[in-house]
Amino acid sequence: MSAYLVEGGVPLYGEARVHGAKNSVLPILAAAILCPGTSVIRNCPDLSDVRASMAILEHLGCGVRREGDTVEVDAGSLLHNDVPDELMREMRSSVIFLGAILARTGEAVLSMPGGCELGPRPIDLHLAAIRALGAEVREEGGGLRCSVPERGLRGCEIDLALPSVGATENAMLCACGAEGTTVINNAAREPEIADLQRFLRSIGARVRGAGSSVITVEGRQALHGGTHTVMPDRIVAATLLSAAAAAGGEVELLGTDHRHLSTVTAALMEAGCRVRSGEGRIHLRRDRPLKGVYPIHTAPYPGFPTDAQPPVMAALAGGEGTTVFVENMFESRYRHVDELCRMGARIRVEGRVAVVCGVGRLHGARLRAADLRGGAALVVAALGAEGRSEIEGLEHVDRGYHRLEDTLTALGARIRRV
Ligand code: EPZ
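Residues numbered from 1 in each chain as written. Predicted model: local features only at pLDDT ≥ 70, side-chain atom pairs only at ≥ 80, totals over all residues. Heavy atoms only, no water.

Engineer: Lay out the overall build of the protein chain in plain terms, naming residues and giving numbers.
Structural biologist: Looking only at helices and strands, the protein chain has 14 helices and 24 strands in total. Compactness check: the protein chain gives a C-alpha radius of gyration of 21 Å against a globular reference of 22 Å for 418 residues, within 12% of the reference. Principal axes of the C-alpha set define a box for the protein chain whose edges measure 65 × 45 × 40 Å. Split into buried and exposed, the 418 residues of the protein chain put 58% on the buried side. Partitioning the intrachain contacts of the protein chain with sequence separation of at least 6 by distance along the chain shows that 72% fall at a separation of at least 24. Accessible area of the protein chain: about 15,700 Å², with a carbon and sulfur share of 47%. (Helix = DSSP H or I, 4+ residues; strand = E, 2+ residues; numbered from the N terminus. Rg over C-alpha atoms; globule rule 2.2 N^0.38 Å. Buried < 20%, exposed > 50% of the residue type's maximum accessible area, 1.4 Å probe, protein only. Contact = heavy atoms within 4.5 Å. Areas by Shrake-Rupley, 256 points an atom, 1.4 Å probe, with all protein chains shown as cover.)

Pasting the structure below:
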């Protein structure tokens, strides 16, 4: 397996363009099967999770073609309605295909996605939403068989117990196949949901309200192939800003929407970075030691994104001053802490709370990524650390970052994949 070799302590300078958002592309690729036509999705990053989704589309019978950053999906005729177990295991968020397969074919079969590195990942809210629309869900030998009864899917009010991103997306996609109006209450407000709505509108679906807590879908429209350009990845942007905060220097991110990152840039500014945001760009300079900041509580959007917690923590661990993190979204999202402590970080974890006491400078070490954003956090820490680090487990990082080493090298970092 490949690893990163990083020589730390080199400030970053220059510009970087942020690639398309993984967490927007995945539900959009699922949505492409709603229509018996060809959809063109631009700014689609080449990530292992995206390749896994394309493999599911091919298994379902779609024609899938990538040309650079553009992916074409021909969903003219589907041959299957199941997500194979090995593909579910490869990417647990494949559950996002459930609602679209059900809406298009009337039946969906998939294995229980189970947990992941972040802890248990229940799908009870997804299943409650499709049941509300009239689907029957049967557990069969470790898997799920969901089917639409004779009368078809019927629009309804769906009240989500939690503003779950995935459950909101599955409800939207399934509701596109339901007769009448569906109102999703307590919907997730993440920007990726609004991006999904833009794609759905491009294929002729009637969806409104994404970005707010109430989303309305007028189902069973005549759908056709669409065209869409994926929004920039706000978590990749947060990671690159954290890298510059850790290593020092001055970077400009292009193709970002600073409004999606205000909680992250506010924390980095509080830590002493100078941040200027403009249309499609974020400029960050760090020329003094990072300070501790107010307690950071992760929360559903527009709160502080849980996915940005590991990289921001990695930057602050090498600064001065103390910061308290409270991880409210996932049970096991501090797996990067032990690795940061191998670099000399002083971090105390008690349940959902992590107290980070900046030590002024971390030192390089041999490290292993345990999950996607935790792996990115180790890269951030290594860039600001004294000396060499070796980071294994890049299969986690490659799920959400396209050739991260190239982006960082272009900013002056001394990092290479071996
Ligand atoms: C999405 O996961 C993202 N993944 C995650 O990004 C992100 O961390 C998360 O949203 C929160 O923003 C994708 O979009 C592919 P949730 P998702 O359903 O949809 C509980 C990354 O690093 N819950 O909003 O799975 C759940 O346990 C990944 O890119 C239920 O209890 O997140 C969690 O505590 C990691 N029952 C909370 O809701 C359910 O049926 C939020 O989860 C569903 C969720």
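Engineer: Go over the state of the cysteines with me, naming the residues and quoting the values.
Structural biologist: In the structure shown here, the tally under the stated rule is zero disulfides. With no disulfide of its own, C62 lies 9.0 Å from the sulfur of C35, the closest cysteine sulfur. Of the cysteine sulfurs around C341, a residue in no disulfide, the closest is that of C357, at 10 Å. For C341, a relative accessible area of 30% corresponds to the partly exposed category. (Disulfide = S-S within 2.5 Å.)

Engineer: Describe the site of the ligand, and please don't skip the residues or the numbers.
Structural biologist: Taken together, 24 residues sit near the ligand, with D124, L125, S164, D307 and M329 positioned nearest. Separating an oxygen atom of the ligand from a side-chain N or O atom of R333 is a distance of 3.4 Å. One nitrogen or oxygen atom from the side chain of R373 is found 2.9 Å from an oxygen atom belonging to the ligand. Burial of the ligand by the surrounding chains reaches 86%, relative to a free accessible area of 820 Å². Where the shell around the ligand is concerned, the elements lending two or more residues are α1 (22-31), α5 (124-132), α6 (165-175) and α12 (372-384). (Near = heavy atom within 4 Å. Polar contact = N/O pair within 3.5 Å; in protein donor to acceptor, adjacent residues only side chain to side chain.)

Engineer: Any details on empty space enclosed by the protein? Residues and values, ideally.
Structural biologist: Following the criterion strictly, the structure yields three cavities of 30 Å³ or more and no others. In this model, the largest cavity occupies a volume close to 60 Å³. If you trace the largest cavity, you find it lined by R17, V18, H19, V236, L240, Y401, H402, L404 and T407. When grouped by side-chain class, the residues that make up the lining of the largest cavity number five nonpolar, three polar and one charged. Reported here for the second largest cavity is a volume of approximately 40 Å³. (1 Å grid on protein atoms, 1.4 Å probe; cavity = no way out; pocket = protein on both sides within 12 Å on 5 of 7 lines; lining within 4 Å. Points joined across faces, edges and corners; volume = space filled by probe spheres on them. Nonpolar A, V, L, I, M, F, W, Y, C, P; charged D, E, K, R; others polar.)

Engineer: Which residues make up the packing of helix α8 (residues 234-247) against helix α10 (residues 309-317), and what values go with them?
Structural biologist: Between α8 and α10, the shortest axis-to-axis distance is 8 Å and the interhelical angle comes to 5 degrees. When the axes of α8 and α10 are compared, the pair comes out roughly parallel. Touching T239, S242, A245 and A246 of α8 are P311, V312 and A315, all from α10. Broken down by class, the residue content of the contact of α8 with α10 amounts to five nonpolar, two polar and no charged. (Axes fitted to C-alpha atoms, helices over the stretch in contact; angles between N-to-C directions. Parallel < 35°, antiparallel > 145°, perpendicular 65-115°, else oblique.)

Engineer: Give me the sheet that holds strand β7 (residues 107-111): which residues, what numbers.
Structural biologist: Across the sheet, which stays open at both edges, the four strands sit in the order β6-β7-β9-β8 with mixed pairing between neighbours. The sheet is open, and its two edges are formed by β6 (82-83) and β8 (136-140), each paired on a single side. Of the strand pairs in this sheet, β7 and strand β9 (residues 143-147) are connected by five bridges, and their pairing is antiparallel. Pairing of V109 across the sheet is with R145, part of β9. (Pairing = 2+ DSSP bridges.)

Engineer: Requested: an account of unusual backbone geometry, with residues and values cited.
Structural biologist: With an omega dihedral of 10 degrees, the bond running from Y301 to P302 counts as a cis peptide bond. You can see P302 is positioned in the loop between β18 (296-297) and α10. Unlike most non-glycine residues, R220 shows phi in positive territory, near 55 degrees. By secondary structure assignment, the location of R220 is in the loop between β13 (214-218) and β14 (227-229). By relative accessible area, which is 52% here, R220 ends up exposed.

Engineer: Could you give me a rundown of the domain arrangement of the protein chain, with the residues and numbers involved?
Structural biologist: In terms of domains, the protein chain is made up of domain 1 (3-19 + 232-417) and domain 2 (22-229). Computed from C-alpha atoms alone, the centre-to-centre distance between domain 1 and domain 2 is 31 Å. At the interface, 24 residues of domain 1 touch 18 residues of domain 2. Carbon and sulfur atoms make up 52% of the area that domain 1 and domain 2 hide from each other, which totals about 1,800 Å². Among the residues domain 1 hides against domain 2, the three largest losses belong to Y301, F330 and R399. Together they make up 31% of the total. There are two salt bridges connecting domain 1 and domain 2. With a closest N to O distance of 2.7 Å, R234 and E192 form a salt bridge. Our enumeration of links across domain 1 and domain 2 arrives at seven residue pairs in polar contact (both at pLDDT 80 or more). Only α12 and α13 (394-397) provide two or more residues apiece to the side of domain 1 that touches domain 2. (Domains from an automatic or database assignment. Buried area = accessible area lost by both parts, 1.4 Å probe. Salt bridge = Lys/Arg side-chain N within 4 Å of Asp/Glu carboxyl O.)

Engineer: Please set out the side chain of T168 residue by residue, giving values where relevant.
Structural biologist: The topology assignment puts T168 in helix α6. At 2.7 Å, the side chain of T168 forms a polar contact with the backbone oxygen of S164. Among the polar contacts listed, one links the side chain of T168 to the backbone nitrogen of A188, at a separation of 2.9 Å. Those residues in contact with T168 that lie beyond four places of it in its chain are L160, I184, A187, A188, I193 and I215.

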